Amino acid sequence: MTTLIYKKSDQTIVAVATPPQSVDVELQNILNSELGGSIDDYGTVEAPAKADNEIWTVSEDGNATAIANPVIAARIVAKASANTKLKALGLTDEEIEAM
């Protein structure tokens, strides 16, 4: 099980604790870091399963979800566009893959 530690003020995920026993250690590290604050400034939530092309996000009500990673999604679109342009120039699939 993976636990996300997030700032309650803006739902920013600041740490990922695996296994759950390390949550206390991670919280202490956060409090001693530049983030600082008090224990009440942070929340924890169990992380849902996610694919490699997804990232975790925490909603205002403290629920965690896995969403498509916008960086990876943009790369997929850019790659498809580039492949289309290269094919229009006469390159084969094998030549494009070799690049």
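Everything discussed here concerns the structure shown above.
(A) Structural detail: the overall build of the protein chain. Helix and strand content of the protein chain: 3 helices and 5 strands. The order of helices and strands in the protein chain, counted from the N terminus, is β-β-α-β-β-β-α-α. Here the protein chain has a C-alpha radius of gyration of 20 Å; the compact-globule value for 99 residues is 13 Å, and the former is much larger. Projecting the C-alpha coordinates of the protein chain onto the three principal axes gives extents of approximately 60 × 25 × 25 Å. In the protein chain, buried positions account for 21% of the 99 residues. A separation of at least 24 residues holds for 34% of the contacts in the protein chain among residues at least 6 apart in sequence. Summing over all exposed atoms, the protein chain offers an accessible surface of approximately 6800 Å²; the carbon and sulfur share of this is 53%. Considering the protein chain, the positive charge centre built from 7 side chains and the negative charge centre built from 15 side chains are found 9 Å apart.

(B) Inspection of the pairing of strand β5 (residues 64–68) at higher detail. Relative to β5, strand β4 (residues 54–58) is paired through 5 bridges, and the arrangement is antiparallel. Residue pairing across strands places W56 opposite A66, the latter belonging to β5.

(C) Local environment of the sheet that holds strand β3 (residues 42–46). If you trace the 3 strands from one edge of the open sheet to the other, you get β2-β1-β3, paired in antiparallel fashion. Among the strands making up the open sheet, the edge pair consists of β2 (13–17) and β3. Averaged over all pairs of adjacent strands, the angle between their axes in this sheet comes to 25°, without regard to strand direction. Sheet topology places strand β1 (residues 3–7) next to β2; 4 bridges connect them, and they run antiparallel. Within the sheet, the bridge partner assigned to L4 lies in β2 and is V16.

Rules of the game
- Residues numbered from 1 in each chain as written.
- Predicted model: local features only at pLDDT ≥ 70, side-chain atom pairs only at ≥ 80, totals over all residues.
- Heavy atoms only, no water.
- Helix = DSSP H or I, 4+ residues; strand = E, 2+ residues; numbered from the N terminus.
- Rg over C-alpha atoms; globule rule 2.2 N^0.38 Å.
- Buried < 20%, exposed > 50% of the residue type's maximum accessible area, 1.4 Å probe, protein only.
- Contact = heavy atoms within 4.5 Å.
- Areas by Shrake-Rupley, 256 points an atom, 1.4 Å probe, with all protein chains shown as cover.
- Lys, Arg positive; Asp, Glu negative; His and termini not counted.
- Charge placed at Lys NZ, Arg CZ, Asp CG, Glu CD.
- Pairing = 2+ DSSP bridges.
- Axes fitted to C-alpha atoms, helices over the stretch in contact; angles between N-to-C directions.

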